[in-house]
Amino acid sequence: MEIEYHTARPITAPEFVDLLQRSTLAERRPVDDPKAIAAMLRHANLVCTAWDRHQLIGVARSLTDFEFCCYLSDLAVDAAYQKRGIGRELIALTQSRLGANAKLILLAAPKAVNYYPRIGFDAHPSAWIIPADRPLL
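Residues numbered from 1 in each chain as written. Predicted model: local features only at pLDDT ≥ 70, side-chain atom pairs only at ≥ 80, totals over all residues. Heavy atoms only, no water.

**Section: the overall build of the chain**
Helices and strands together make up the secondary structure of the chain, namely four helices and five strands. Ordered by position in the sequence, the α and β elements of the chain form the string β-α-α-β-β-β-α-β-α. For 137 residues, the compact-globule estimate of 2.2 N^0.38 gives 14 Å, and the chain sits close to it at 15 Å. When burial is assessed residue by residue, the chain has 39% of its 137 residues classed as buried. Excluding contacts between residues fewer than 6 apart, the proportion of contacts in the chain whose partners are at least 24 apart in sequence is 62%. (Helix = DSSP H or I, 4+ residues; strand = E, 2+ residues; numbered from the N terminus. Rg over C-alpha atoms; globule rule 2.2 N^0.38 Å. Buried < 20%, exposed > 50% of the residue type's maximum accessible area, 1.4 Å probe, protein only. Contact = heavy atoms within 4.5 Å.)

**As for the sheet that holds strand β5 (residues 103-105)**
In spatial order, the strands read β1-β2-β3-β4-β5; together these five strands make up an open sheet with mixed pairing. Of all strands in the sheet, those with a lone pairing partner are β1 (4-6) and β5, marking the two edges. Strand-to-strand twist in this sheet, taken as the mean axis angle between neighbours without regard to direction, amounts to 25°. Examined bridge by bridge, β1 and strand β2 (residues 46-52) share three bridges and lie antiparallel to one another. Directly across from H6, in β2, lies its bridge partner T49. Contacts between helix α1 (residues 13-23) and the sheet are confined to β2, β3 (55-64) and β4 (69-77), with β3 contributing the most and set at about 100° to the helix. (Pairing = 2+ DSSP bridges. Axes fitted to C-alpha atoms, helices over the stretch in contact; angles between N-to-C directions.)

**Regarding the nonpolar core**
Ranked by internal contacts, the top residues of the largest apolar core, which has 40 residues, are I11, F16, L20, I86 and L90. When residues of this core are traced back to their parent elements, those giving at least two are α1, α2 (34-43), β2, β3, β4 and α3 (86-96). Among residues more than four places away in sequence, those in contact with L20 are L25, A26, R29, V31, I37 and A76. (Core = buried A, V, L, I, M, F, W, Y, C linked by side-chain atoms within 4.5 Å.)

**Some words on the pattern of salt bridges**
If charged atoms from side chains of opposite charge come close, those side chains can pair. A full pass over the atoms with the stated rule returns six salt bridges. Residues R22 and D78 are paired through a salt bridge, measuring 2.3 Å at the closest nitrogen-oxygen approach. With R22 in helix α1 and D78 in the loop between β4 and α3, this pair connects stretches of sequence that are 56 residues apart. As a salt-bridge pair, E27 and R28 come within 3.1 Å of each other at their nearest N and O atoms. For R28, a relative accessible area of 33% corresponds to the partly exposed category. One salt-bridge network, held together by shared partners, links D18, R22 and D78. (Salt bridge = Lys/Arg side-chain N within 4 Å of Asp/Glu carboxyl O.)

**As for the pairing of β2**
In terms of burial, β2 is largely enclosed, as seven of its seven residues are buried. By the alternation rule, side chains of β2 split into L46, C48, A50 and D52 and V47, T49 and W51, which are all buried. Pairing of β2 with β3 involves seven bridges; the strand directions are antiparallel. Each residue of the ladder has a partner; that of V47, found in β3, is R61. In this structure, the hairpin formed by β2 and β3 is closed by a connection of two residues, where R53 is found at a positive phi of approximately 60°.

Here you go:
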């Protein structure tokens, strides 16, 4: 098995949803909302993918300015391919596209909380989130 990695190979919404389901990330993504999935792909400006022949087996989907920060919003690897370094390679490929001073930022899925420190990420004590439909106080 030789995994191919790409930064310019487009993926379709059905391929993305299928991978999210095979990776368990679908639990926290709007896989039943085609409009949201399409927007997630359309507005991401850095998408790194891993392929086993014609099957999408991994994706790192990011929003970035390429110089200061990069928000890695989705890191998904097919469960059947996990623990082979594919996620790590997708993150390294993402980093390779960024300027030297850019920081990679992410919110870990609950099942992946212990993964990121093992590959060199530092925890940050002050991340905050608010849903779009909640008014500020």
